[in-house]
Amino acid sequence: MTTRPPPVFTDALRALALEAAIGQARKSLSEGGIPIGGALINEDGEIVARGHNMRVQAGDPTAHGETVCIRNAGRRRDWHRLMMATTLSPCAMCSGTAVLHRIPAVVIGENETFLGREDWLRAEGVDVRVVKNAECRELMREFIKKNPELWNEDIGVPE
């Protein structure tokens, strides 16, 4: 049995995946939701799943952009060959889901408006890249400014 070398995710693949995630964040905002999106890409540049935060739309507190993306990917055996892109630093739940499925690389649009559990991802050997994308940052800043109560509810801040 031969083993394949680990996947290589270039800057171009990171950019492609992040653009798909940003499209999902815009979609969530247009639906009245929280502008966070995710995408999974393989090393061949195929977007295998997309998802956006559906917490407001579905009334589901676990429907974060990354978890919805992973749900949309369905059952599979190649998680270890995929990269996840997310517009915002992933929370503990979303980081845990990436760790559980052994996703080896995560590209993050921004972590200034919210710093999730990047430390956990790194401790588990995940290749984490924060690209400081201006559109991701502005989407979140504007949303938080206009919807502070909804944002605090999303990240579990008590009343």
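Each remark here, short or long, concerns the structure printed above.
Rules used in this analysis
Residues numbered from 1 in each chain as written. Predicted model: local features only at pLDDT ≥ 70, side-chain atom pairs only at ≥ 80, totals over all residues. Heavy atoms only, no water. Axes fitted to C-alpha atoms, helices over the stretch in contact; angles between N-to-C directions. Helix = DSSP H or I, 4+ residues; strand = E, 2+ residues; numbered from the N terminus. Parallel < 35°, antiparallel > 145°, perpendicular 65-115°, else oblique. Left-handed = near helix turned anticlockwise from the far one by under 90°. Contact = heavy atoms within 4.5 Å. Nonpolar A, V, L, I, M, F, W, Y, C, P; charged D, E, K, R; others polar. Phe/Tyr/Trp six-rings, centres within 6.5 Å; stacked < 30°, edge-to-face > 60°. Buried < 20%, exposed > 50% of the residue type's maximum accessible area, 1.4 Å probe, protein only. Core = buried A, V, L, I, M, F, W, Y, C linked by side-chain atoms within 4.5 Å.

**So, the packing of helix 1 (residues 11-30) against helix 6 (residues 134-146)**
Contact geometry of helix 1 with helix 6 gives a least axis separation of 11 Å together with a crossing angle of 20°. Here helix 6 runs roughly parallel to helix 1, going by the angle between their axes. For the element pair helix 1 and helix 6, the recorded crossing hand is left-handed. Residue-level contacts link Leu-18, Ile-22, Ala-25, Arg-26 and Leu-29 of helix 1 to Glu-135, Cys-136, Leu-139 and Phe-143 of helix 6. Split into classes, the residues belonging to the contact of helix 1 with helix 6 amount to 7 nonpolar, no polar and 2 charged.

**Comments concerning the packing of aromatic side chains**
According to the stated counting rule, one finds 1 aromatic pair in the structure shown. Consider the rings of Phe-114 and Trp-151, whose centres lie 5.9 Å apart with planes at 90°: the pair is edge-to-face. With a gap of 37 residues between them, Phe-114 in the loop between strand 4 (105-108) and helix 5 (118-123) and Trp-151 in helix 7 (residues 148-154) connect regions that are remote in the sequence. Classification of Phe-114 by relative accessible area gives buried; the value is 18%. Its relative accessible area of 5% is what places Trp-151 among the buried residues.

**Here we look at the nonpolar core**
Looking at soluble globular proteins, one finds that nonpolar side chains tend to be buried together. Of all hydrophobic cores here, the largest spans 17 residues; its most connected members are Leu-40, Ile-70, Trp-79, Met-84, Ile-103, Val-106 and Leu-121. Top element by residues in this core is helix 3 (residues 65-73). It accounts for 3 residues. Other than its neighbours up to four places away in sequence, Met-84 contacts Ala-39, Leu-40, Glu-66, Ile-70, Ile-103, Ala-105, Val-106 and Val-107. If you look at the next biggest cluster of nonpolar residues, it comprises 15 residues, including Leu-13, Met-83, Ala-85 and Val-107.

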